[in-house]
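Structural description and commentary
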Amino acid sequence: MGRRKPNKPRRERPEPMAARLASAYECGHCNSTTRTTKDERGINHLWISHDDGCPVLAGTLPSAPDMVRAAQEARS
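A short tour of the structure in this document, coming up. What you see is a predicted model, and the numbers here were worked out from it, not measured in a lab. (Residues numbered from 1 in each chain as written. Predicted model: local features only at pLDDT ≥ 70, side-chain atom pairs only at ≥ 80, totals over all residues. Heavy atoms only, no water.)

1. Examining the overall build of the protein
Worth spelling out the cut-off: Strands here are runs of E lasting at least two residues and helices are runs of H or I lasting at least four, both read from the DSSP assignment and numbered beginning at the N terminus. All radius of gyration figures rest on C-alpha atoms, and the globule criterion is 2.2 Å times the number of residues raised to 0.38. Per-residue accessibility takes into account occlusion by the displayed protein chains alone, with areas from the Shrake-Rupley method and a 1.4 Å probe. When charges are tallied, Lys and Arg are placed among the positive residues and Asp and Glu among the negative ones, while His and the ends of the chain are skipped. One atom stands in for each charge, and that atom is NZ of Lys, CZ of Arg, CG of Asp or CD of Glu.
Along the protein, the regular secondary structure elements total three helices and two strands. Beginning at the N terminus, the succession of helices and strands in the protein can be written as α-β-β-α-α. A globule of 76 residues ought to have a C-alpha radius of gyration of about 11 Å, yet the protein, at 17 Å, is considerably larger. A total accessible area of about 6500 Å² is found for the protein, and carbon and sulfur atoms account for 49% of it. Each charge class in the protein was averaged separately, 13 positive and 9 negative side chains, and the resulting centres sit 19 Å apart.

2. Side note on the pairing of strand 2 (residues 44-49)
Rules: One bridge is not enough; two strands pair if DSSP finds at least two bridges between them.
Pairing of strand 1 (residues 33-38) with strand 2 involves six bridges; the strand directions are antiparallel. Pairing of Thr37 across the sheet is with His45, part of strand 2. The hairpin formed by strand 1 and strand 2 contains five residues between the paired strands, and Gly42 there has a positive phi angle of roughly 85 degrees.

3. Some details on the environment of Ile43
To keep it simple, the criterion reads: Note on classification: 1.4 Å probe, protein chains only; a residue is buried when its accessible area is under 20% of the maximum for its type, exposed when over 50%, partly exposed between these limits. By definition in these notes, contact holds between two residues if any of their heavy atoms fall within 4.5 Å.
Its location among the elements puts Ile43 in the loop between strand 1 and strand 2. Here Ile43 falls in the partly exposed class, since its relative accessible area comes to 44%. Linking Ile43 and Pro16, residues 27 residues apart in sequence, is a C-alpha distance of 9.8 Å. If we ignore the near neighbours within four places in the chain, the residues touching Ile43 are Thr37 and Lys38.

4. Regarding the pattern of salt bridges
Oppositely charged side chains may form a pair once their charged atoms are brought near each other. Put simply, the test is: Each salt bridge in this description consists of a side-chain nitrogen of Lys or Arg and a carboxyl oxygen of Asp or Glu lying within 4 Å of one another.
Within the structure shown, the criterion is met by two salt bridges. Note that Arg41 is salt-bridged to Glu40, the shortest N-O span being 3.9 Å. Among the residues examined, Arg41 registers a relative accessible area of 67% and is labelled exposed. Residue class for Glu40 comes out exposed when judged on its relative accessible area of 70%.

Printed below as a string of structure tokens:
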């Protein structure tokens, strides 16, 4: 456990889900921007910045359809 084996290739670590979601997310109502950060505990966070007039930002429309679309795209 934790021991490196000589001549064994290193496994590629998958990209964190937050980073895949950030690249796949697209708001259907504005030109939103996304970014990811990692806190001191190593937890990834996804930040979505909507335009000022966006109905998703105002809370009149849900962001769920856009998030589901991004999650489906990030899974594949």
